[in-house]
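Secondary and tertiary structure notes
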Amino acid sequence: MKEFEPVPARPAPDKTVGPLAWMKENLFSSLLNSLVTLAVMALLVYYIPPVLDWAFFSANWQGTSEDACVREGACWVFVNAWSYQFFYGTYPVEEIWRINLMLVLLALVILASFTLPKHIRLKASVIAWLVLPLVGIALLDGRLLGLPVVSTDLWGGFTLNVFMAAASIIVAFPFSFLWALGRRSNMPFIRSVSVIFIEFFRGVPVLSLFFMGSVMLPLFFAEGTNVDKLIRVWIVLIFFMSGYMAEVFRGGFAAVPSGQYEAADSIGLSYWQKIMLIILPQVIKVSLPNILATFVMLFKNTTFLLIIGIPEVVQTLQTALSNSYWLGGHALEGYLFVFLVFWSSCFSMSLLARRIERQMNTDKRD
Amino acid sequence: MSAAKPTADAEDVIVIENLNKWYGNFHVLRDINLRVKKGERIVICGPSGSGKSTTIRCINRLEEFQEGSLVVDGVEMIDDVKNIETIRKDVGMVFQHFNLFPHLTILENLTLGPIWVQKKPKAEAEATAMKYLERVKIPDQADKYPGQLSGGQQQRVAIARSLCMNPNIMLFDEPTSALDPEMIKEVLDVMVELAEEGMTMLCVTHEMGFAKKVADRVIFMDAGQIVEENEPNEFFNNPQNERTKLFLSQILNH
């Protein structure tokens, strides 16, 4: 009988791999393609040097006041001089360690959610995430820990944007999951309440919600109680965010095959065991890119808080721009700085999300 | 023994009487009567849409029914969470598409039920799980994820997952229909072994070789009804109903 002999694998021909082949394939595959490539390269050569020159080579880096900005390039002195306010608002300098500690805690909790040993990771990180906002409020406010009280009027800058967004998503997360579950419920009352809630917060502009939070929400509180403006905005952000995330979760639920529910039922799990152990992990996995996109949207929307006079980073920048010592027109530098800070945070979040996706991807063979 | 007789026999672990089910206005199961004795192996076959899967899915309440009664191991299937949970703990099920939990390792798939439903200590659950993985001949895959296994291996894991719950009755819903031909045998081998150990089994399948080898009774369904039931030799060699003859000629001579 004949023996079956597999043909050994050979490397691909040279002219189909490598950088030269890539360039030929992607940049110069036809006459038109080559012309477009050359035109784009010419534009880049023409425009990039002046931009680099403005931003770096002729920029002003040293100094503490506007007078230091003598060269024709960007006046980074402005950003440097105001960097404290941009980051921390008017939070007292001697208490700044509290904000920094909070940022470190946030980073630690994020890190722990991925690096802890697998058998305690889920439990430990869920607890850490739930405790974090409470610790944050206690630490930044101070009165519960016996520290000097820092009124929320003094909170501000980019760290306020970060904290508002983070504190909202943490609380909104379980709520939105419940809304999404409610929307799938068989019970008509629960389902209609969920639908009304979700559709209301998805269908209303976030700006009008902020106004409602600052103007109308106090009317609902008992007379004489004065609920902090930041807390009211926080509540609004939580509602807004949970409406959006509920829809994200709904998509995630739809992606889990009905066989998963049946298998969980057939081994006798109760409803909540089935949801928490089998369905939720799979829903989060498929929803993760959209959860992150929603979070990035919320994070950027926190700049709208300037409309109701909360000194987040853009509000702080506008204060700086109208300061009588800095009237030389530094809006470009200021906004570029805000762009850069937001962009780098959002981009690192996407990188992180891609890592989590890879880590959670158990479908592929190794 | 006549199946229509309503007196309960102590040996009957499943008693289905006049079961009727509708999807909306569509009458899917019509007057199903079926008794299964302890240790009995039953194969259910029939064309697609005949209600065979729906029938066994009623037994652990993956499907509800509107009329008739169903008693499993002395517990009546009524609309009560306690009863449903009791029955589900007693009945294992294997699906056509395996339905393993993709986010858990093989070992975690097997220990989930024992730990959360039966409240067993983790070490004990893992020991049991390894015992069953050895029985289905894949103990070396314990730490992999379902997506890393072949279809045949996944189906054997699914069988082991059900066995870990220590069921008295096993339901199989077309367990080999989604498998490549080369993998069907490894799954059937496990099922034959299980049958030889005396497990009560209800199996929806078109593997007629399996039916001839292990079944005590073969049931043929069409249009939501039980058309014919008989012991395998009689069923295959001497079918009583024209519809059964036609079905058998179609699946056996191709």
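Preceding this paragraph is the structure being described.
These figures come from a predicted structure and were not determined experimentally.

Now for the sheet that holds strand 10 (residues 225-230) of chain B. Residue and element names in this part refer to chain B. With mixed pairing, six strands are arranged side by side in an open sheet as 6-7-8-3-9-10. Two strands bound the open sheet, and with one partner strand each, they are strand 6 (91-94) and strand 10. In this sheet, neighbouring strand axes are inclined to one another by 20° on average, regardless of whether the strands run parallel or antiparallel. In this structure, strand 9 (residues 217-222) lies alongside strand 10, joined through five bridges in antiparallel fashion. Looking across to strand 10, one finds that V218 is bridged to N230. The strands touched by helix 9 (residues 242-252) within the sheet are strand 3 (41-45), strand 9 and strand 10, with strand 9 carrying the most contacts at an inclination of about 100°.

Turning our attention to the sheet that holds strand 4 (residues 67-72) of chain B. Residues and elements named next belong to chain B. Pairing within the open sheet is antiparallel, and its four strands lie in the order 2-1-4-5. Only two strands of the sheet have a single neighbouring strand rather than two, namely strand 2 (26-37) and strand 5 (75-76). Here strand 4 pairs with strand 5 via two bridges, running antiparallel. Each residue of the ladder has a partner; that of V72, found in strand 5, is V75.

Let us now look at a nonpolar patch on the surface. A contiguous nonpolar surface patch, about 890 Å² in accessible area, is contributed by L32, V36, V40, L44, I48, L52, F56, F57 and W61 of chain A. Residue placement: L32 of chain A occurs in helix 2 (residues 31-57).

A few words on the interface of chain A and chain B. At the interface, 22 residues of chain A touch 26 residues of chain B. Roughly 2,200 Å² of surface becomes buried between chain A and chain B when both sides are summed, with 56% attributable to carbon and sulfur atoms. Our enumeration of links across chain A and chain B arrives at two salt bridges. With its nearest N and O atoms 3.7 Å apart, the salt bridge here joins R88 of chain B to D265 of chain A. For the pair chain A and chain B, the number of links is five residue pairs in polar contact (both at pLDDT 80 or more). Among the secondary structure elements, those contributing two or more residues to the side of chain A that touches chain B are helix 10 (258-266) and helix 11 (271-301) of chain A. Top contributing element to the side of chain A that touches chain B by residue count: helix 10 of chain A, with seven residues. Considered class by class, the residues forming the side of chain A that touches chain B number seven nonpolar, eight polar and seven charged.

Conventions used here
Residues numbered from 1 in each chain as written. Chains lettered and ligands numbered in written order. Predicted model: local features only at pLDDT ≥ 70, side-chain atom pairs only at ≥ 80, totals over all residues. Heavy atoms only, no water. Pairing = 2+ DSSP bridges. Helix = DSSP H or I, 4+ residues; strand = E, 2+ residues; numbered from the N terminus. Axes fitted to C-alpha atoms, helices over the stretch in contact; angles between N-to-C directions. Contact = heavy atoms within 4.5 Å. Patch = residues over 30% accessible without salt bridge, like charges linked within 9 Å, V, L, I, M, F, W, Y side chains within 5 Å. Areas by Shrake-Rupley, 256 points an atom, 1.4 Å probe, with all protein chains shown as cover. Salt bridge = Lys/Arg side-chain N within 4 Å of Asp/Glu carboxyl O. Buried area = accessible area lost by both parts, 1.4 Å probe. Polar contact = N/O pair within 3.5 Å; in protein donor to acceptor, adjacent residues only side chain to side chain. Nonpolar A, V, L, I, M, F, W, Y, C, P; charged D, E, K, R; others polar.

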